[in-house]
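# Structural overview for review
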Amino acid sequence: AKKVARSNYQFYSVELDKDAEFKIEQESAIAKGIKNSEFIPYYQPVVNAQSFLLEKLEMLARWDHDGELAGPHQFIATAEEANLIGKVCEQLLQKAFRDFSSWLEKMPSLTLSVNISVLQLIEPEFIDIFLCSLKRFNVPPINVEIEITESSLVSNLDTMKQTLLDLKSHGIRVAIDDFGTGYSSLSYLKHLSFDTIKVDQKFVSDLTGNIDGGELAIVIVHMAQSLQVNCVAEGVETAEQARILADAGCHQLQGYYFSKPKSARAIDSIIEAGVSI
Ligand code: C2E
Ligand code: CA
Ligand code: CA
Ligand code: CA
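Residue indices begin from 1 for each chain and proceed along its sequence in written order. Following the order in which they are written, the chains are lettered starting with A and the ligands numbered starting with 1. Given that the model is predicted, a residue must reach a pLDDT of at least 70 before its local features are reported, and side-chain atom pairs must reach 80 or more before they are shown or counted; all residues, however, enter totals for whole chains, interfaces and linings. Side-chain metrics rest on all non-hydrogen atoms present in the structure, leaving aside hydrogens and water.

### Observations concerning the pattern of salt bridges
Each reported salt bridge corresponds to a side-chain nitrogen of Lys or Arg within 4 Å of a carboxyl oxygen of Asp or Glu. What the rule picks out here adds up to 7 salt bridges. The salt bridge partner of Glu81 is Lys23, with a shortest N-O separation of 3.0 Å. Here the residue Glu81 occupies a position in helix α2 (residues 76-81), and Lys23 occupies one in helix α1 (residues 2-35), the gap between them amounting to 58 residues. Between buried and exposed lies partly exposed: a residue is buried under 20% and exposed over 50% of the maximum accessible area for its type, with that area taken using a 1.4 Å probe on protein chains only. Take Lys23: its relative accessible area is 37%, and that puts it in the partly exposed class. Between Glu58 and Lys198 there is a salt bridge; the shortest N-O distance is 2.9 Å. Taken together, the residues Glu58 in strand β2 (residues 54-65) and Lys198 in strand β7 (residues 196-199) connect sequence positions 140 residues apart. What counts as a helix is a DSSP run of H or I of at least four residues, what counts as a strand is a run of E of at least two, and both are numbered from the N terminus.

### Looking at the state of the cysteines
The disulfide criterion is simple: two cysteine sulfur atoms within 2.5 Å. Scanning the model with the defined rule gives 0 disulfides in all. Sulfur of Cys132: no disulfide; nearest cysteine sulfur belongs to Cys89 and is 14 Å away. Residue classification places Cys132 among the exposed positions, given a relative accessible area of 55%. The cysteine Cys250 is free of any disulfide, with Cys231 supplying the nearest cysteine sulfur at 3.9 Å.

### Side note on the side chain of Ser193
If you trace the backbone, Ser193 turns up in the loop between α8 (186-190) and β7. Looking at Ser193, the relative accessible area reads 18%, which means it is buried.

### Some details on the packing of helix α3 (residues 85-106) against helix α12 (residues 264-273)
Where α3 contacts α12, the axes come no closer than 10 Å and their chain directions differ by 5 degrees. Taken together, the axes of α3 and α12 lie roughly parallel to each other. Counting all contacts with α3, which are made through Asp99, Trp103 and Lys106, the residues of α12 involved are Ala264, Ile267, Asp268, Ile271 and Glu272. Residues of the contact of α3 with α12, tallied by class, amount to 4 nonpolar, no polar and 4 charged. With axes taken as lines fitted to C-alpha atoms, and helix axes fitted only over the stretch in contact, angles between N-to-C directions fall between 0 and 180 degrees. If an angle is under 35 degrees, it is roughly parallel; if it is over 145, roughly antiparallel; if it lies from 65 to 115, roughly perpendicular; otherwise it is oblique. Note on contacts: a residue pair is in contact if any heavy atoms of the two residues lie within 4.5 Å. Nonpolar residues are Ala, Val, Leu, Ile, Met, Phe, Trp, Tyr, Cys and Pro. Charged residues are Asp, Glu, Lys and Arg, and all others, Gly as well, are polar.

### A look at the site of ligand 1
With respect to spatial proximity, 21 residues lie near ligand 1, and among them Gln44, Arg62, Asp177, Glu237 and Tyr256 are the closest. Side-chain atoms alone can form a polar contact between residues adjacent in sequence; in general such a contact is a pair of N or O atoms within 3.5 Å, and within protein one must be able to donate a hydrogen while the other accepts it. A distance of 3.2 Å separates an oxygen atom of ligand 1 from a polar atom in the side chain of Glu58. The separation between an oxygen atom of ligand 1 and a polar side-chain atom of Gln201 is 3.2 Å. All accessible areas in this document rest on Shrake-Rupley with a 1.4 Å probe, and a residue is counted as covered only by the protein chains that are shown. Taken by itself ligand 1 offers 800 Å² of open surface, and the protein chains cover 81% of this. Counting only elements with at least two residues in the shell around ligand 1, the list comes to β2 and β6 (173-179). Among the elements that line the shell around ligand 1, the one with the most residues is β2, at 4 residues. Taken together, the residues of the shell around ligand 1 sort by class into 8 nonpolar, 7 polar and 6 charged. The criterion for a residue being near a molecule or strand is simple. One of its heavy atoms has to lie within 4 Å of it.

### Structural notes on α12
Listing the buried residues of α12 in full gives Ala264, Ile267, Ile270 and Ile271. Looking straight down α12, one finds its buried side chains confined to an arc of 115 degrees; they lie on one side. Turned more than 90 degrees away from the buried face of α12, the exposed residues are Arg265, Glu272 and Ala273. Contacts made by the buried residues of α12 are with β1 (39-48), β2 and α3. Immediately beyond the C-terminal end of α12, within one or two residues, lies Gly274, with a positive phi of roughly 125 degrees. What the arc covers is the set of directions going from the helix axis to the C-beta atoms.

### Let's talk about the coordination of the calcium ion (ligand 2)
The textbook angles at a metal center are 109.5 degrees for a tetrahedron of four donors and 90 or 180 degrees for an octahedron of six. Only nitrogen, oxygen and sulfur atoms qualify as donors, provided they sit within 2.8 Å of the metal or within 3.2 Å for Na, K and Ca; with water excluded from the atoms, sites may seem incomplete. Looking at the calcium ion (ligand 2), the protein donor atoms are Glu58 (OE), Asn115 (OD1), Glu147 (OE) and Asp177 (OD), and they sit 2.2 to 2.4 Å from it. Here the donor residues of the calcium ion (ligand 2) share one chain and are spaced in sequence as E-x56-N-x31-E-x29-D. In this structure, the calcium ion (ligand 2) lies 3.9 Å away from the calcium ion (ligand 3), the two metals sharing Asp177 as a donor. A residue pair is termed long-range when its members are at least 10 positions apart, and Glu58 in strand β2 and Glu147 in strand β5 (residues 144-149) qualify at 89 residues. Both residues of the pair, Glu58 and Glu147, belong to the buried class.

### Notes on unusual backbone geometry
Here the phi dihedral of Asp66 falls at roughly 55 degrees; this positive angle occurs in a residue that is not glycine. Tracing the backbone through its elements, the reader meets Asp66 in the loop between β2 and β3 (68-70). We classify Asp66 as exposed; its relative accessible area is 67%. Backbone geometry at Asn138 places phi at a positive 60 degrees, although glycine is not the residue there. Looking at the secondary structure, you find Asn138 in the loop between α5 (126-136) and β5.

This is how it looks when you write it as structure tokens:
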């Protein structure tokens, strides 16, 4: 038995070395990516649930690396661990605000939403830096929404309460992302200042066939109405889901049924051509 235990130990230690090595390589690739300006914003349209017209763009991070476009799951967590998330975020926001300010000239009521990790948000200088960049690109704070996941909000409740108030005092809107997956108690919600609830896509994908109103997506839409906040459903993939959500009173819809995330150039042509996607 002793022998087995030892060989297991060796097995794991080799694996750990490999993991550590991979991580170090990835961290230095991210650092290089920052220098080479490889982090680029993609944008996914959010439409009005009744008219299907474009109202908002959600910025989603991409990494143009090794000839491929990597998604956030391939680098955000590592960037956070390596303390590089601040620089990645700054690069993305600079590019996004520049793009967005030109789109605002054509569509002054358009909103840009950005995903900010709680690690970033609780940095004492974050809000000042964020406001400075908005100013630099002439983007009114009122046209910007910050998306915070429900789970991260709940696990930092006391700090976040104040942060949300600070954001509000500057006119920046706040959305609770992936709503329904973070196990927040409803009594917390009443004491937080936020503007939007985003129904997580896993509840949207449950919407097929006979709908009796007991579906969680519908329950969340109704809850948003009683809290008097804006409601967005994400991950809408079918006409049926769009119709059910609109009928339930959801305000905005987002998902592959309307559009996948697109490059700035693709959004340019949508906005040049008018507001339908
Ligand atoms: P999220 O904020 O919940 O974003 C929605 C994700 O669902 C996006 O994946 C989007 O491409 C995908 N999606 C949109 N519509 C549909 C649909 O109809 N069906 C399906 N199956 N998926 C859909 P993506 O771009 O891979 O982003 C993953 C997550 O990474 C985001 O989830 C967000 O939490 C995080 N993220 C993205 N950009 C940033 C960023 O700049 N900073 C930080 N901290 N996190 C980011
Ligand atoms: Ca989001
Ligand atoms: Ca989400
Ligand atoms: Ca999600």
